[in-house]
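Examination of the molecular architecture
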Amino acid sequence: MNVEHVQTKQEIEQLLGVAGIRPRKRFGQHFLIDGNLMRKLVNCAEIGPHDLVLEVGGGTGGLTDLLVSRAGHIVCVEVDRDLHGILLDRFAEAGNITIVLRDALESKHRVCRELAEAIRDFDGGQGGEVKLVANLPYQVATPLVMDLLVDHPAVCRLVFTVQAEVGERLVAHVGDKSYGPLSIVSQLRCGVEIVARIPPQAFWPRPAVDSVMMRMEVRETSPIAPGDVPTFARFVRAVFDHRRKTLRSALRYVVDVPTQERICRSRDASRRPESVALNEWVAMYELTR
Ligand code: SAH
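Heads up: these notes are all about the structure in this document. (Residues numbered from 1 in each chain as written. Predicted model: local features only at pLDDT ≥ 70, side-chain atom pairs only at ≥ 80, totals over all residues. Heavy atoms only, no water.)

Pairing within the open sheet is mixed, and its seven strands lie in the order β4-β3-β2-β7-β8-β11-β9. Two strands in the sheet have a free side with no partner beyond their single neighbour: β4 (97-101) and β9 (190-198). Averaged over all pairs of adjacent strands, the angle between their axes in this sheet comes to 15 degrees, without regard to strand direction. Examined bridge by bridge, strand β7 (residues 130-135) and strand β8 (residues 155-163) share six bridges and lie parallel to one another. In the strand pairing of β8, L132 is matched with L158. Strands in contact with helix α2 (residues 35-45) are β7, β8, β9 and β11 (211-218); relative to β8, the strand with the most contacts, it is inclined by about 160 degrees. Here helix α7 (residues 164-171) sits on the sheet and contacts β8, β9 and β11; the angle it forms with β8, its principal contact strand, is near 140 degrees. (Pairing = 2+ DSSP bridges. Helix = DSSP H or I, 4+ residues; strand = E, 2+ residues; numbered from the N terminus. Axes fitted to C-alpha atoms, helices over the stretch in contact; angles between N-to-C directions. Contact = heavy atoms within 4.5 Å.)

Bringing the environment of R234 into the picture now. With respect to the secondary-structure elements, R234 resides in helix α9 (residues 229-240). Taking relative accessible area as the criterion, R234 reaches 51% and is therefore assigned exposed. For the pair R234 and P181, spaced 53 residues apart in sequence, the C-alpha to C-alpha distance is 9.2 Å. (Buried < 20%, exposed > 50% of the residue type's maximum accessible area, 1.4 Å probe, protein only.)

So, on to the side chain of T60. Here T60 lies in the loop between β2 (52-56) and α3 (62-68). On the basis of relative accessibility, which here comes to 2%, the residue T60 falls in the buried class. Within the local environment of T60, its side chain forms a polar contact with the side chain of Q7, the two groups lying 2.7 Å apart. In contact with T60, not counting residues within four places along its chain, are Q7, I12, L15, L16, F31, L83, I86, L87 and R90. (Polar contact = N/O pair within 3.5 Å; in protein donor to acceptor, adjacent residues only side chain to side chain.)

A few words now on the side chain of H84. By secondary structure assignment, the location of H84 is in helix α4 (residues 81-90). Residue classification places H84 among the buried residues on the basis of a relative accessible area of 12%. Aside from chain neighbours lying at most four places away, what touches H84 is E78, I99, V100 and L101.

Before going further, it helps to examine the packing of aromatic side chains. Across all of its chains, the model carries five aromatic pairs by this definition. Ring geometry for F232 and Y285: centres 5.5 Å apart, planes at 90 degrees, overall edge-to-face. Here Y285 lies in helix α12 (residues 278-286) and F232 lies in helix α9, a separation of 53 residues in the sequence. Judged by relative accessible area, Y285 falls into the buried class, the value being 4%. (Phe/Tyr/Trp six-rings, centres within 6.5 Å; stacked < 30°, edge-to-face > 60°.)

Attention shifts here to the site of the ligand. Taken together, 23 residues surround the ligand, and among them G57, E78, D103, A104 and N135 come closest. In this structure, V79 approaches the ligand through a main-chain N or O atom, which is 3.4 Å from a nitrogen atom. One nitrogen or oxygen atom from the side chain of D103 is found 2.9 Å from a nitrogen atom belonging to the ligand. If the ligand stood free it would expose 580 Å²; the protein chains cover 97% of that surface. For the shell around the ligand, the per-class residue count stands at eleven nonpolar, seven polar and five charged. (Near = heavy atom within 4 Å. Areas by Shrake-Rupley, 256 points an atom, 1.4 Å probe, with all protein chains shown as cover. Nonpolar A, V, L, I, M, F, W, Y, C, P; charged D, E, K, R; others polar.)

Further remarks concern the pairing of β2. With five of five residues buried, β2 lies mostly within the body of the structure. Residue alternation in β2 divides its side chains into two sets, L52, L54 and V56 and V53 and E55, and both sets are buried. Strand direction decides the pairing type here: β2 and strand β3 (residues 73-78), joined by five bridges, are parallel. Looking at the pairing, V53 lines up with I74 of β3. Note that the unit made of β2, α3 and β3 has a crossover that is right-handed. Note: β2 against β7, three bridges, orientation parallel. When the sheet's bridge partners are listed, L52 is paired in β7 with V130. (Right-handed = clockwise from strand over helix to strand, strands pointing away.)

Look at helix α6 (residues 141-151) against helix α8 (residues 181-189): their axes get within 10 Å of each other, and the N-to-C directions meet at 40 degrees. When the interaxial angle is binned, α6 and α8 end up oblique. The crossing of α6 and α8 is left-handed. Between α6, through T142, M146, L148, L149 and V150, and α8, the contact on the second element is made entirely by P181, L182, V185, S186 and R189. (Parallel < 35°, antiparallel > 145°, perpendicular 65-115°, else oblique. Left-handed = near helix turned anticlockwise from the far one by under 90°.)

A separate point is the environment of D151. Position of D151 among the secondary structure elements: in helix α6. Along the chain, D151 and D228 lie 77 residues apart, while their C-alpha atoms are 9.7 Å from each other. Those residues in contact with D151, other than ones at most four positions away along the chain, are R110 and P230. Only 2.9 Å separates the side chain of D151 from the side chain of R110, close enough to count as a polar contact.

Here it is, written out as structure tokens:
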């Protein structure tokens, strides 16, 4: 069987060497050098020829190589000017990629305009879908995933690597230490699964922490309409801002008195936000409207 080639550590070092640069820690530059994991990531995304793929952090193009041969179109965002230059060279002949030099986040809670517009303008008429496929830089992973889930319902699958701690939050259930708004919003919108655990040596240079590969598949039906997800997420976040308080006290900061009473009447409001399961968050949210 013909196994598709994936950039090796030597090849990456050579690309950086020619450009006269070294991996930059402040941009979370850890390149995935394990070919099997790289192919697994792409396989999990099940990319079709009409799909729009969003890649955040193109780096030297190791993952991008596998995307250009599969996707209808790719929007690849890279913040590092030198790596952006390497990507432009590498994909000069590819007709199906837009390479953007900028921070993938416009603000703390919003993806950049180029990503938002690509998602908005995507025409799914030929049966394609919008997917995030990326080895996510550490600093942007949480806000990026959160905003895609909350504000961009057209994105229907997210496959990415991320530090294990964020992966644990994505899959956490009520009662788990890492359970919080990220778990609740992810699981409201998606089936969420850790598909692989990734040791530091799968990356070059090695990160200080373990990573995981995540697959998030957006549910076809959701208890909350896509247009209401932003207000749902704001509600959950606002209550969790007072996570040390009881539900009854926390709600005083978030909703008016009649709503507090409606919510507290039908449940044990002496619990903390962290002991409220997803379906109950949905039920509480319905009572705010
Ligand atoms: N895609 C490559 C590189 C992953 S390392 C691979 O699969 O191995 C993460 C990449 O994200 C780096 O190239 C880094 O420069 C880039 N990056 C870091 N912060 C970013 C941001 N805010 N917006 C866009 N790219 C960013």
